[in-house]
Amino acid sequence: MIRLNGRVAAIAASALLFATLLSTGGATAQTAPAAAAPPAASPGSGPDSWAAFSGWKRYHGNCSTCHGPDGLGGTFAPSLVDSLKTLDHDQFLATVVNGKKDKNLTMPAFGVDPNVMCYVEDIYTYLKLRSDGKMDRGRPANTPTKPKDVAEAETACMGV
Amino acid sequence: MLVAYSYSPSYANDELVTLQQDANQWAMPLGNYSSTRYSTLSQINNSNARNLRVAWTFSTGVLRGHEGGPLVIGDIMYVHTPFPNKVFALDLNRNGAILWSYEPRQDSNVIGVMCCDTVNRGVAYAKGKIFLHQADTTLVALDAKTGKVVWSAKDGDPATGETGTGAPTIAGDYVIIGNSGGEYGVRGNLAAYDMNTGKLAWRAYSQGPDSDTLMNAQKTTHMGKPVGKDSGLAGWKGDQWKRGGGTTWGWTSYDPASQTIYYGSGNPGTWNPVQRPGNNRWSMTIWARDLKTGMAKWVYQMTPHDEWDYDGVNEMVLVDREWKGKPRKLLVHFDRNGFAYVLDRTSGELLGAEKYDPAVNWASSIDLKTGEPVRVAAYSTEHGGEDVSTKNICPAALGSKDQQPVSYSPQTGLFYIPGNHVCMDYEPTKVAYVAGSPYVGATLSMYPPKGENNLGRFVAWDPIAQKSVWEVKEPFSVWSGPLATAGGVVFYGTMDGYLKAVDAKTGNELYKFKTPSGIIGNITTYTHGGKQYVAVLSGVGGWAAIGMAAGLTGANEGLGAVGAYRSLSQYTNLGGTMTVFELP
């Protein structure tokens, strides 16, 4: 398990590092790719990619209680299918890392939460596909096989 | 009256025992200590209910899920709201004019750690004070006449995901509250505070060593046998019990004759059963504790090693009925897992357990000898391991019924169950624990049972025959605590916004009125100036409405239904209104 000393004010740069560590297994420097899917299997960031599937899963594990199923928004938080039409990748990342306050609505900061940060690029990939109308609602029809290097990077990142 | 209360006259709250026997007032959230939510009022009855009309309304100014319901003490109605947890004292002599209002200052960061909307299930009254359990876990006592703070006590730490959503229960000299945050790996506990000073009297955890759980290795029993030493550590791997959930966010009942309190504990920490081996004691458990010491008399774990999020927190209804020819002091509990349990509340003996929704499939039955559910392997979410989706499990995590409390009418002998009729796919995933972050580890999708198009059922249930007598199909989950009355009427609310009155014997609809927003609140009745009124909060939200804007997925749209498959947002919108009904 990753030891985190309190809920320090994380910044976007640390999130990029977090994401880069995941997507590359920490082998390269901070390059901040837009999508995290490693090249070994299910390449790319299309609707059939591992990244999209993983993003679907992690979105529904961590985000959907507030942002609604399939990114469609709830009574609690806005539709990310809509938000990603205007929010760019870096703004998305900064919001996830730092959270957001708006009157009586509060989004927590997820910058130190490996359950989100280890998959944040996958979640972005999934939501961007949903926002661009390239992916339907619900569980992706086919479950891609988890690439071996992704599995290793995941274990390293999650620490469990 | 329903129950002949015998109580120790030395208690400070004799007033409360008297108050709950006076049907003109509504003194506690579930109506009385037995949690029957029944009223002996009969002015509004099954022959005139069709003439009901709105007397007055009141806007709370808060647009979130409004669970729970108001109290009525004398000429004052006390109304609570979701976060920011306002309390209003409304003057019934002036159609609900505001006598005083209270709004606590709370760090709004707490909103981010409330899994299922910023709900609150109501305030409690005793000895001239109103007790409120705030979202940030602060328990506050207000002067019922002025709204001024008399004392306050911080119960938990929202930074770890611990929050307050439940209504306090006043029993003896104690204010009893539970905690919320089972989705954050919070350790569930029930706490008793001195009603007059706000000093903590005892705290009892749902897991851990006996000194934490307040269990006695020999005297506390489970299925009639002593639990043994440190039973709350058994059934946990390593130190997982420290983030073991078992939160206590539901309702607490009280038997003044034996001075025993009854409540349930919720899901064990992380919804991923693969990561959480063991029977996870004592999550998903019915507890009987001594009021004064907090010591556990008996426990019954309904769903050991949960794989579906079937929290055991639903209300315990205390009724005295004949069971197999013998008068018994019963405890009846409609669990999230879809079984209606009947226990002897003195001994904890399990007498009966039957499915109250025929859709339930995760277990075929409950073995009354061992207390264990007879599980169906195909619906085990652990069976396939992590990252494998188990499909068509019924009920969904919402349960066949959630916190929305039942009503029991001694007139018909029937329970009235506000029910969900929802199934799910459930996929466990690896999760790391971070204090204050969601500790869920499962991906779910929910839909109605195959071939059906209603997500809700309103059911009349015979607890002795253990069968349903009639049911009303509702398009959405019935997330509103009904009220049965001596007028032969049962009132309940629907998520699309209707207050409905139905005949208690037949379920036939007598009256309905569409309130400004969906109803997830509980129905209250009282009299003022000799006239009976019925009151309900509307304000859609809560867990069942989280997907409100989205509706169901395409896969479920082809079943031919028109209404049920449209999204809830096409029927209603956010709100926060008290609507009070009367006869002309």
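Residues numbered from 1 in each chain as written. Chains lettered and ligands numbered in written order. Predicted model: local features only at pLDDT ≥ 70, side-chain atom pairs only at ≥ 80, totals over all residues.

## Remarks on the overall build of chain B
- From N to C terminus, chain B includes 2 helices and 42 strands.
- Relative to the compact-globule value of 25 Å for 584 residues, chain B shows a C-alpha radius of gyration of 22 Å, a close match.
- Structurally, chain B occupies a C-alpha span of about 60 × 60 × 55 Å along its principal axes.
- Taking as baseline every contact in chain B between residues at least 6 positions apart, the subset at least 24 positions apart corresponds to 61%. (Helix = DSSP H or I, 4+ residues; strand = E, 2+ residues; numbered from the N terminus. Rg over C-alpha atoms; globule rule 2.2 N^0.38 Å. Contact = placed C-beta atoms within 7 Å.)

## Side note on the sheet that holds strand β31 (residues 423–428) of chain B
Residues and elements named next belong to chain B.
- The strand order across the open sheet formed by 3 strands is β28-β31-β32, and the pairing between neighbours is antiparallel. Looking along the sheet, the strands with just one partner apiece sit at the ends: β28 (390–393) and β32 (442–447). The mean angle between the axes of side-by-side strands here comes to 20°, regardless of whether they run parallel or antiparallel.
- As paired elements, β28 and β31 share 2 bridges and run antiparallel to each other. (Pairing = 2+ DSSP bridges. Axes fitted to C-alpha atoms, helices over the stretch in contact; angles between N-to-C directions.)

## Notes on the pairing of strand β33 (residues 456–462) of chain B
Residue and element names in this part refer to chain B.
- Counting buried positions along β33 yields 6 of 7 residues, so the element is predominantly enclosed.
- Pairing geometry for strand β30 (residues 414–420) and β33, over 6 bridges, is antiparallel. Residue Gly419 lies in a different strand from β33, and its bridge partner there is Arg457.
- Direction of pairing for β33 relative to strand β34 (residues 467–474): antiparallel, over a ladder of 7 bridges. Looking at β34, one finds that Asp462 is bridged to Lys467. (Buried ≥ 20, exposed ≤ 12 C-beta atoms within 10 Å, placed from the backbone.)

## Details of the interface of chain B and chain A
- Opposite the 35 residues of chain B that make contact, chain A presents 36 residues.
- Split by residue class, the side of chain B that touches chain A holds 19 nonpolar, 14 polar and 2 charged. (Nonpolar A, V, L, I, M, F, W, Y, C, P; charged D, E, K, R; others polar.)

## Observations concerning unusual backbone geometry
All names here are of chain B.
- Between Arg281 and Trp282 the backbone carries a cis peptide bond, its omega angle lying at 0°.
- Cis geometry marks the peptide bond from Cys394 to Pro395; its omega dihedral reads 0°.
- Looking at the element boundaries, Pro395 is found in the loop between β28 and β29 (407–409).
- A positive phi angle is found at Ser35, which is not glycine, with a value near 60°.
- Even without a glycine there, the phi angle at Leu214 is positive, about 50°.
- Checked against the element boundaries, Leu214 lands in the loop between α2 (210–213) and β16 (221–222).
- Residue classification places Leu214 among the buried positions, given that 21 C-beta atoms sit within 10 Å.

## Remarks on the sheet that holds strand β24 (residues 339–344) of chain B
All names here are of chain B.
- Read from one edge to the other, the open sheet built from 4 strands follows the order β22-β23-β24-β25, with strand pairing classed as antiparallel. The sheet terminates laterally at β22 (317–323) and β25 (350–355), the two strands that pair on one side only. With direction set aside, neighbouring strand axes in the sheet form an average angle of 30°.
- Bridge count for β22 against strand β23 (residues 326–334) is 7 bridges, and the pairing is antiparallel.

## Quick notes on helix α5 (residues 89–98) of chain A
Residue and element names in this part refer to chain A.
- When we look at burial in α5, the residues that qualify are Leu93, Val96 and Val97. Buried positions in α5, seen along its axis, are confined to an arc of 95° and lie on one side of it.
- Positioned one or two residues after α5, Gly99 has a phi angle of 75°, which is positive. (Arc of directions from axis to C-beta.)

## Re the environment of Pro584(B)
Residue and element names in this part refer to chain B.
- You can see Pro584 is positioned in the segment after β42 (577–582).
- Residue classification places Pro584 among the exposed residues on the basis of 7 C-beta atoms within 10 Å.
- What Pro584 contacts, discounting residues up to four positions off in sequence, is Asn51 and Arg53.

## What about the environment of Leu127(A)?
All names here are of chain A.
- Checked against the element boundaries, Leu127 lands in helix α7 (residues 120–131).
- Assessed through the 25 C-beta atoms surrounding it within 10 Å, Leu127 is described here as buried.
- As a C-alpha pair, Leu127 and Met107 span 20 residues in sequence and 17 Å in three-dimensional space.
- In this structure Leu127 touches Gly55, Tyr59, Gly71, Leu80 and Leu84, once residues within four positions along its chain are discounted.

## Let's talk about the packing of helix α2 (residues 50–62) of chain A against α7(A)
Residue and element names in this part refer to chain A.
- The contact between α2 and α7 brings their axes to 7 Å, and the two run at 95°. When the interaxial angle is binned, α2 and α7 end up roughly perpendicular. Across the interface between the two elements, Ala51, Ala52, Ser54, Gly55, Trp56, Arg58 and Tyr59 from α2 touch Asp122, Ile123, Thr125, Tyr126, Leu127 and Leu129 from α7.
- Its residues assigned to classes, the contact of α2 with α7 shows 8 nonpolar, 3 polar and 2 charged. (Parallel < 35°, antiparallel > 145°, perpendicular 65-115°, else oblique.)

## Side note on helix α8 (residues 148–158) of chain A
Residues and elements named next belong to chain A.
- Looking at α8, one finds that the buried residues are Val150, Ala153 and Cys157. For α8, the angular spread of the buried residues around the axis is 65°, confining them to a single face. Exposed and oriented more than 90 degrees from the buried face of α8 are Lys148, Ala151, Glu152 and Thr155.
- Looking one or two residues past α8, Gly159 carries a phi angle of roughly 75°, positive in sign.

## Digging into the confidence of the model for chain B
Residue and element names in this part refer to chain B.
- Scored by pLDDT, chain B has a mean of 93; 94% of the residues are at 70 or more.
- Low pLDDT (under 50) marks residues 1–10, which in the prediction has 14 contacts with non-local residues, meaning those over four places away or in another chain.
- Prediction confidence for the complex, expressed as pTM and ipTM, is 0.91 and 0.78 respectively. (pLDDT = per-residue confidence, 0-100.)

## Quick word on the pairing of strand β41 (residues 531–538) of chain B
Residue and element names in this part refer to chain B.
- Counting buried residues in β41 gives 7 out of 8 residues, a clear majority hidden from the surface.
- Alignment of strand β40 (residues 524–528) against β41, held across 5 bridges, turns out to be antiparallel. Across the sheet, Tyr526 pairs through a bridge with Tyr533, a residue of β41.
- Counting the residues that bridge the hairpin from β40 to β41 gives 2 residues, and of these Gly529 lies at a positive phi of roughly 60°.
- Pairing of β41 with β42, which is carried by 5 bridges, proceeds in the antiparallel orientation. Its bridge partner being in β42, Ser538 is matched across the sheet by Thr577.

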